[in-house]
Amino acid sequence: MRDNIEAVRTAFTLDRERRTPTERERALLERYCGFGGLKCILNPARELADAARWAKSDLELFAPTVELHRIIRENSKDETEYKRYVDSLKASVLTAFYTPKAITDTIADVLHDKKVRPNLVLEPSAGMGAFIGSVLSDNPQAEVMAFEKDLLTGKMLGHLYPQQKIRTEGFEKIEKPFLNRFDLAISNIPFGDIAVFDPEYANGSVFKKIAARKVHTYFFLKGLDAVRDGGIVAFITSQGVLDAPSNAPIREYMMKHANPVGVARLPNNLFTDNAGTEVGSDLIILQKNTAKQNLTDREDLFCRSNPTEYNTPGNAFFQDSTRIVHTDSKLDTDPYGQPALIYTHKEAVEGIAKDLKQMLSEDFRKHLNLNLYKGERNDEPLLQIPVTPNIIPRLSNL
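Residues numbered from 1 in each chain as written. Predicted model: local features only at pLDDT ≥ 70, side-chain atom pairs only at ≥ 80, totals over all residues. Heavy atoms only, no water.

Engineer: What is the right way to look at the environment of Thr65 in this model?
Structural biologist: Secondary-structure assignment places Thr65 in helix α3 (residues 62–74). Exposure remark for Thr65: the relative accessible area of 0% places this residue in the buried category. In contact with Thr65, other than residues within four places in its own chain, are Met1, Cys40, Ile41, Ala45 and Trp54. (Helix = DSSP H or I, 4+ residues; strand = E, 2+ residues; numbered from the N terminus. Buried < 20%, exposed > 50% of the residue type's maximum accessible area, 1.4 Å probe, protein only. Contact = heavy atoms within 4.5 Å.)

Structure representation (structure tokens):
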């Protein structure tokens, strides 16, 4: 909470003084970790009397919450803008769980090690830019377009990466000239069953209409739209994308339009240090392939939901547990109180990163089509559609 407050204060100072951050200020911004799990910041906190309406377990955060709201109010031009910031905070409390740097570095490093050197990178749900930092560390010349819907987070992200195209709005706002263009789309995409309004999807195929009903399935299809043929989509997402029987049509669509390079189930303690929460997640890495004809046995597994031996939701891809990064497992309940298999790693984030790197390195060795990534399609026939290059502006010009 204290780190977050100082980061917010710093961002407003930089706005007011219209300058780039010093090294010290950059360090303060980088310590911002979102308000995921800190529901108390939504409680009344304008005056001391409001404390009477707080739960005893949250009272230690009452004074910092008052301070947070005071900083936001003082730096808002009017009450309407202040309410926009607060509404943005409300939306982020349930969804903002930032990915540990050790994990973003691992994914970026495996891509780099396997000669995937993206020049154009899309981050559709950037948070504080953990993936951006990891990708730029391996490839400093990359050009990044990042979307971040949360107003405060987007403000700080813009100060951290002033040379990149940071857009404080939803991914659904991406324009058509940017579709079929990126080399890599990489993110920890939003969790939840929130619908997304995208006119192209609302009026599109039945698959797109279904996908837009849930933010995580929408991001996968829109992410595949955004990368070029041979490009990579690497998203951390909720387990429901792979487990839920209702998402089978979306999984089938994904497999008809992309090759599964790497799929790993991540343990429930991945976000414990960063966000104080235990939630299951999956890493899904796809390579767009516009000329696919049939599904392999491995791709068929990806499409199928198979209940586990405990009758909990599961995906056939994980039926032998070899694709699950963990050291321990137990039967418990998920955040909604439903029975679920809970996986943990006794060595926390560092252990998770180490095991994940070994798994992904093997996956990329077996399943990445580097020729396809380089645009050298020689495996399947492809109808080449000419593109007029001058209609697509550089990211930095928009």
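That was the structure; now back to the text.
Engineer: Just checking my understanding: could you explain the pattern of salt bridges for this structure?
Structural biologist: Should their charged atoms come close, side chains of opposite charge can pair. In total, this model carries 29 salt bridges according to the counting rule given. Between Arg53 and Asp50 there is a salt bridge; the shortest N-O distance is 3.8 Å. Among the salt bridges present, the one from Asp363 reaches Arg323, with a minimum N-O distance of 2.4 Å. With Asp363 in helix α15 (residues 348–367) and Arg323 in the loop between α14 (297–303) and β8 (328–333), the pair connects residues that are 40 residues apart, well separated along the chain. The pair formed by Asp363 and Arg323 is uniform in burial state, with each residue classed as buried. Within the structure, one salt-bridge network assembled from shared partners comprises Asp198, Glu200, Lys208, Lys222 and Asp225. (Salt bridge = Lys/Arg side-chain N within 4 Å of Asp/Glu carboxyl O.)

Engineer: Help me understand the sheet that holds strand β6 (residues 258–266), please; the structure alone is not making it clear to me.
Structural biologist: The strands making up a sheet associate through hydrogen bonds between their backbones, and the pairing can be parallel or antiparallel. Overall, mixed pairing links the seven strands, which are arranged β3-β2-β1-β4-β5-β7-β6 in an open sheet. Two strands in the sheet have a free side with no partner beyond their single neighbour: β3 (165–167) and β6. The average undirected angle you get between the axes of adjacent strands in this sheet is 10°. By the bridge criterion, six bridges tie strand β4 (residues 182–188) to strand β5 (residues 227–238) in an arrangement that is parallel. (Pairing = 2+ DSSP bridges. Axes fitted to C-alpha atoms, helices over the stretch in contact; angles between N-to-C directions.)

Engineer: Teacher, can you tell me more about the packing of helix α5 (residues 101–113) against helix α6 (residues 130–138) here?
Structural biologist: Helix-helix packing is characterised by the crossing angle of the two axes and by the distance between the axes. Where α5 contacts α6, the two axes come as close as 9 Å, and the packing angle between them is 40°. Along this stretch, α5 crosses α6, giving a crossing that reads as right-handed. Facing α5, whose interface residues are Lys101, Thr104, Asp105, Ile107, Ala108, Asp109 and His112, α6 presents Ala130, Phe131, Ser134, Val135 and Asp138. Of the residues belonging to the contact of α5 with α6, the class tally is five nonpolar, three polar and four charged. (Left-handed = near helix turned anticlockwise from the far one by under 90°. Nonpolar A, V, L, I, M, F, W, Y, C, P; charged D, E, K, R; others polar.)

Engineer: Just to check I follow, could you spell out the pairing of β4 for this structure?
Structural biologist: Side-chain direction in a regular strand flips from residue to residue, so the side chains alternate between the two faces of the sheet. Burial within β4 is extensive, with seven of its seven residues counted as buried. Pairing geometry for strand β1 (residues 120–123) and β4, over two bridges, is parallel. Bridge pairing in β4 places Val121 opposite Leu184.

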